[in-house]
Number of protein chains: 2
Amino acid sequence: MVTLATSCFTKINEGESVLFTLSIANDATPFVLKRILVAGKEPISEIKFEKGTYHFYPDKGYEKFAYISNHGDLMVNTPFLIEGFKNLTIDGQGSTFIFHGVMIPFFIEKSENISIKNVSIDWHEAFHSEGLIVANDEVNKTFDMQISKEYPYEIRNGQIYFVKEYYEHNLGQTILYDPARKAIAYNTKDYTDISVYTRTKSQNNINKIKYKYDYDKRAPEFKHVGIESRLTFEQLEPGLVRVHGGHKKKMPPLGMILTMKGEQGYNRVSPAFKVSYTNGFNGTNVNVHHAGGMGIIAENSSDLILDNFNIIPSKGRMVSTTADATHFVGCRGKVVLKNCTFNNQLDDATNVHGTYQKVVDILSDSKIGVRMMHHQQKGFVIGQPNDTVGLVRLGESFFPYGKMTIKNIEYLNNRYQIISFNEKLPEDFKVGDLIENLDGYPDLLIQNCKINNNRARGLLISNPVNTIIENNFFSTEMEAILIPVESGHWFESGNAANVIIRNNVFQDCLHGGRNRGVIRFVTDDNNENIAFKNIEISNNIFNQFDNLILEVANTDGITFSGNKITNSGTFPQLYKENPVIKIKSSKHIKFKNNKYSGLVHLDNMLETDQPMSNLKFK
Amino acid sequence: MVTLATSCFTKINEGESVLFTLSIANDATPFVLKRILVAGKEPISEIKFEKGTYHFYPDKGYEKFAYISNHGDLMVNTPFLIEGFKNLTIDGQGSTFIFHGVMIPFFIEKSENISIKNVSIDWHEAFHSEGLIVANDEVNKTFDMQISKEYPYEIRNGQIYFVKEYYEHNLGQTILYDPARKAIAYNTKDYTDISVYTRTKSQNNINKIKYKYDYDKRAPEFKHVGIESRLTFEQLEPGLVRVHGGHKKKMPPLGMILTMKGEQGYNRVSPAFKVSYTNGFNGTNVNVHHAGGMGIIAENSSDLILDNFNIIPSKGRMVSTTADATHFVGCRGKVVLKNCTFNNQLDDATNVHGTYQKVVDILSDSKIGVRMMHHQQKGFVIGQPNDTVGLVRLGESFFPYGKMTIKNIEYLNNRYQIISFNEKLPEDFKVGDLIENLDGYPDLLIQNCKINNNRARGLLISNPVNTIIENNFFSTEMEAILIPVESGHWFESGNAANVIIRNNVFQDCLHGGRNRGVIRFVTDDNNENIAFKNIEISNNIFNQFDNLILEVANTDGITFSGNKITNSGTFPQLYKENPVIKIKSSKHIKFKNNKYSGLVHLDNMLETDQPMSNLKFK
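If you're wondering where the values come from, they're calculated on a predicted model, not measured in any experiment.

J.: What's the story with the relation of the copies chain B and chain A in this structure? I'm lost.
T.: Both copies of the chain are related by one operation, a rotation about an axis with a shift along it. Laying chain B over chain A is done by rotating through 180° and shifting 0.0 Å along the axis; what remains is an RMSD of 0.0 Å. Both copies of the chain, as the preceding transformation shows, are related through a two-fold rotation axis. By C-alpha distance to the rotation axis, the residue of chain B lying nearest is Phe 65 of chain B, at 3.6 Å. Same-surface contact between copies: 100% of interface residues of chain B are shared with the interface of chain A.

Next up, the structure:
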């Protein structure tokens, strides 16, 4: 190796390596922030922490208003304001960071090549609450919960409020956990969600309120109109609460734990990582024990690699994060999840999609006004200049009927933006059409991950580029893998193509009790059009307690091969009438080399909406 | 006059005069905004409107998060985003602008010399609601309200919610209006505020929640802990509502109108004008018929002149703006209110003050951390570089014990900022001291204004510079003029000096029933220190229904001369035991040439805390 005189090179200011010691542990926020805020003048390449436990309070944190996809929108507070950074590593060296109240631990925006490693993240108090079911009464429709001192509460006008440091929530969204399995209770759908609403009984002239434009009745600012709580809460003794009022499903069983996270629209305020407009993010050897929202929400970013990035509950809590473990909206380049554990979160292990935005104004021959349709998409900007946008009319096709490239986007408010294109709009373009960003989907790899004990799906994927799902373990409450096109509610865009699902183990998925396939392709437009293409499902093991494995609709080209299907016997079957595979509105379906030793008779293995002579399961 | 060749001069780009016609009247927001947003490239000197009625909706308005003094803090929406403008006139030419929902009609920031004239502002639906008292029952402690169709409502779990276009409010803050006088009901204090809260009865471990730092129990995020509604609402028939639950004062009298504006901390979201960091603002021939907050809130601005700027209710409503008519925080230069009518607003006609911020950290010998103490001061920045800040310890003196000049302010979050000074802190400086901006007070002139029928005070003034109050008419529910120093609740800074109150008429002020002086100087620190200096009260007419005219404390130098005091007989007296003038902890008080023809015997005219031999009322 030749040593060159350093003077031959322009000095690259690589930035300082900063070490924080445990002297700041009582409230690390002001110290970390002080250094980060001067990084423009005094660059940082690395921030290390002496191994130990650090507390972070919001009182002296940096605040910034943020619209966050699939979260509430709020003035967020963070110690790690990673904005406009390049080539920064934050190394916890095995430390634990304990957050207090509504904060975003890592707020990463408009940056490049950011690595965060060797750190565990937890919260002093949880954003959800838990109650052990200790009595129930089907006649009087009541049940009793024992609520431990970790979850302080009070009853105001008959309604329960769980009060935390800097936060509170009401009953809201609920699901049962089985403490013996530390997983979602078997067949929880018969018991939860606890019914919380009923129609108001006394109104006057409410129906006279008119809106000039579309409005979103489900948005937090409108959703309470016309409804009230159907429940009332009675404290029998401190910590023991009886729930009255006609929950419409079965009373929750004794010994189960009811997890409560407050009302939708208000209960996602503190994701652990928010990454946006960032190219290159690595999360390595990270444990997220809790968050009041997702483990990571990434938007409009590229090349995100999570390696040994784990969502695992702490302190005996049933719940880790109160929403998805990970979630990627409009991300491109590579998205990789490998060697991760996603346990006990209250929503999907991942969700990968874009957004559909609705055309509400045609302002010129190359300029439109668009509306963000779901309140959790408020403020989302669909793309960057020169991105290719698809023009979509889902009733006619799941694929775009035209393409345009973005010239620029004028952000007016969280529901309305003006988009100018480089080209003229097609003649048949019309108000009511949707747009999606065709450049905003990734090459997705999910490998060696363990996904279990959580609410909802394993993977929810709307990705027309490439997706590989391999060597993972799934034991999920709903579908292990859901691949949808939908536009009626969430407006999460993307059909799917080039999906490989191989060498995974599916163990007792759908134990929450829904009548669905472990792997499921579905659209919410009831037509024959093709939405999904080129799917391989190979060499997986399905060890399920119930029949239905694969549910396919609107698909052109699935190969299902080398899979083994066995019956686990773990739980009682719920849907004995089901086949193993359901197929509709699909073509080019191949089965080969699969082994079946489940409970369904071979003649009843397939249910199809048309004769498919070449469709043999062997 | 010599005509010079124009070529001798550099062309001054004066900007375009823009005229909007009634073609945009259905929703003027996107059209106005479109033009304003390109003003950087295509300057505007004037925006005129063809005379007529224009509607403004928020759907396509410009949004921006704003902390607004003495309001809620929120994502605001505006068509008139006047930011960074210089020399702009907006001329309504007699038009009426009707706003829909949560909007700020005029959002003016970092601008110079802005004039708005010849326009009336109203809202399609009011941010408050009104109910006519049609029955009451002192035995069962209930009263019944007839609620007209202008105020749609529903009852959710026993609580009433008034639902508007894009907004709703609960009962919250209330006061009675007398429809015959279209003014606050005589002695409303015996009936209102309606008692809305009681302590929660069932709690568990709430008292175990600990905070590391100061927190504000009155802030919206904490205020509900430990309380619940004491009232329940029953709809007897559509539009007729019975209020149960033990309101603690007398039941409101038949025929009065209860105005309800929702809960404090949530009910000020749409002031008509927000002006900040602006030098030179003229509001001329403006009528503000309503606003969900103040008529105008001005912060950190200078040279503000309101001329014929009127707050007047419309559409038969009892209420105009739901908060102060005008409010000035940290304003300097000239502040002028002349020829204005301030009627029926639900708070003061004006409030002029600075802020006290509390020192919570000493970070170096010239750097401190400060906390914003009241939640309605969140986000307020106390001054600009080189402003002189006073160091205050109110328990010791109402005047600063030291002065510093600001080097810079680092804004971290809405409650915490770091201030660096050009000088070293004094040795005895300590955590817990307050700071105020001594350069943030104006030369204040209030002239030829008519202030009546509103809730609360006429003028609330904390101004140590110069104040002239002349030729005004007052008929206010509380004090006509309140001059305080207080630090226990609002943290609105400023003692007062050089105040001239002359040639005004005070007609039946304090008709709301409080036991206070029509003009009142008061501190909330119970000591002998001087807070107020050099006060002249001359040639005024006090035509009052009750005795007490002037209440003075902690004052050095008042001349009370040439005033006429008569008894109006308008209402029954409430406080017959009162003298005409109360004085404590004051000196250099002079009375001359006053005429008294009220009800108090001359011997009982003055109440003082010390013998003042030279204190003669003649």
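J.: Any chance you could explain the packing of aromatic side chains here in plain terms?
T.: The geometry of two aromatic rings is summed up by the distance between their centres and the angle between their planes. All names here are of chain A. All chains considered together, the criterion is met by 65 aromatic pairs over all chains. Here Tyr 153 and Phe 162 contribute two aromatic rings whose centre-to-centre distance is 6.3 Å and whose plane-to-plane angle is 65°, an arrangement assigned as edge-to-face. Accessibility classification places Tyr 153 together with Phe 162 in one group, the buried group. Look at Tyr 211 and Phe 222: their rings are 5.4 Å apart centre to centre, the planes differ by 80°, and that puts the pair in the edge-to-face class.

J.: What exactly am I supposed to notice about helix α1 (residues 29-37) of chain A here?
T.: Turn by turn, an α-helix covers 3.6 residues, leaving residues three or four places apart pointing in a common direction. Regarding α1 of chain A, the residues found buried are Thr 29, Val 32, Leu 33, Arg 35 and Ile 36 of chain A. The buried residues of α1 of chain A all sit within an arc of 165° when viewed along its axis, so they share a single face.

J.: Explanation requested: the sheet that holds strand β12 (residues 153-156) of chain B in the structure shown.
T.: Within a sheet, neighbouring strands are paired by backbone hydrogen bonds and run either parallel or antiparallel to one another. The 4 strands are arranged β18(A)-β12(B)-β13(B)-β14(B) in an open sheet whose pairing can be described as antiparallel. For this open sheet the edge positions go to β18 (202-204) of chain A together with β14 (167-170) of chain B, each flanked by a neighbour on one side alone. Between one strand axis and the next, the sheet turns by 25° as a mean value, whatever way the strands run. In this sheet, strand β13 (residues 159-164) of chain B lies alongside β12 of chain B in antiparallel orientation, the contact comprising 4 bridges.

J.: I keep staring at the interface of chain B and chain A and nothing clicks. Help me out?
T.: Quite often, the size of an interface is put as the accessible area lost when its parts meet. Contacts between chain B and chain A engage 59 residues on the former and 59 residues on the latter. Overall, the association of chain B and chain A removes approximately 5000 Å² of surface from exposure, summing both partners, and the carbon and sulfur fraction of that is 52%. Between the two partners, chain B and chain A, sit 2 salt bridges. Across the pair Lys 60 of chain A and Asp 361 of chain B runs a salt bridge, and its minimum N-O distance is 2.6 Å. Our count for the contact surface shared by chain B and chain A stands at 36 residue pairs in polar contact (both at pLDDT 80 or more). Inspection of the sheet shows β18 of chain A paired to β12 of chain B by 3 bridges, in the antiparallel sense. Directly across from Gln 203 of chain A, in β12 of chain B, lies its bridge partner Glu 154 of chain B.

J.: Please explain the sheet that holds strand β31 (residues 357-364) of chain A as it appears in this structure.
T.: All names here are of chain A. The strand order β31-β32-β35-β34-β33-β36 describes a closed barrel built from 6 strands, whose pairing is antiparallel. Neighbour to neighbour, the strand axes of the sheet diverge by 50° on average, direction disregarded. In this structure, strand β34 (residues 402-413) lies alongside strand β35 (residues 416-421), joined through 6 bridges in antiparallel fashion. Counterpart to Tyr 411 in the pairing with β35 is Gln 417.

Reading guide: rules and limits
Along each chain, residue indices are assigned from 1 in the same order as the chain's sequence is written. Numbering of ligands from 1 and lettering of chains from A proceed in the order in which they are written. Restriction of local features to residues with pLDDT of at least 70 applies here, the model being predicted, together with a cutoff of 80 or more for giving and counting side-chain atom pairs; totals for whole chains, interfaces and linings are based on all residues. Note that water and hydrogens are dropped before the side-chain values are worked out from all heavy atoms of the structure. In superposing the copies, a least-squares fit is computed on C-alpha atoms, taking residues whose pLDDT is at least 70 in both. We call two residues in contact when some of their heavy atoms are within 4.5 Å. Stacked, tilted and edge-to-face are the three classes assigned to paired rings of Phe, Tyr and Trp, where Trp is represented by its six-membered ring and a pair needs centres within 6.5 Å; plane angles under 30 degrees give stacked, over 60 edge-to-face, the rest tilted. Working definition: with a 1.4 Å probe on protein chains only, accessible area under 20% of the residue-type maximum means buried, over 50% means exposed, and in between means partly exposed. Every helix listed is a DSSP run of H or I at least four residues long, and every strand listed is a run of E at least two residues long, numbered separately from the N terminus. Note that the arc is defined by the directions from the helix axis to the C-beta atoms. In this description, strands pair whenever DSSP reports at least two bridges between them. Lines fitted to C-alpha atoms define the axes, with helix axes restricted to the stretch in contact, and inter-axis angles between N-to-C directions lie between 0 and 180 degrees. By definition, the buried area sums, over both parts, the 1.4 Å-probe accessible area that each loses when the two are put together. Salt-bridge detection follows one rule: a side-chain nitrogen of Lys or Arg within 4 Å of a carboxyl oxygen of Asp or Glu. Counted as a polar contact is a pair of N or O atoms within 3.5 Å, where, for protein atoms, one must be capable of donating a hydrogen and the other of accepting one, and residues adjacent in sequence contribute only when both atoms are in side chains.

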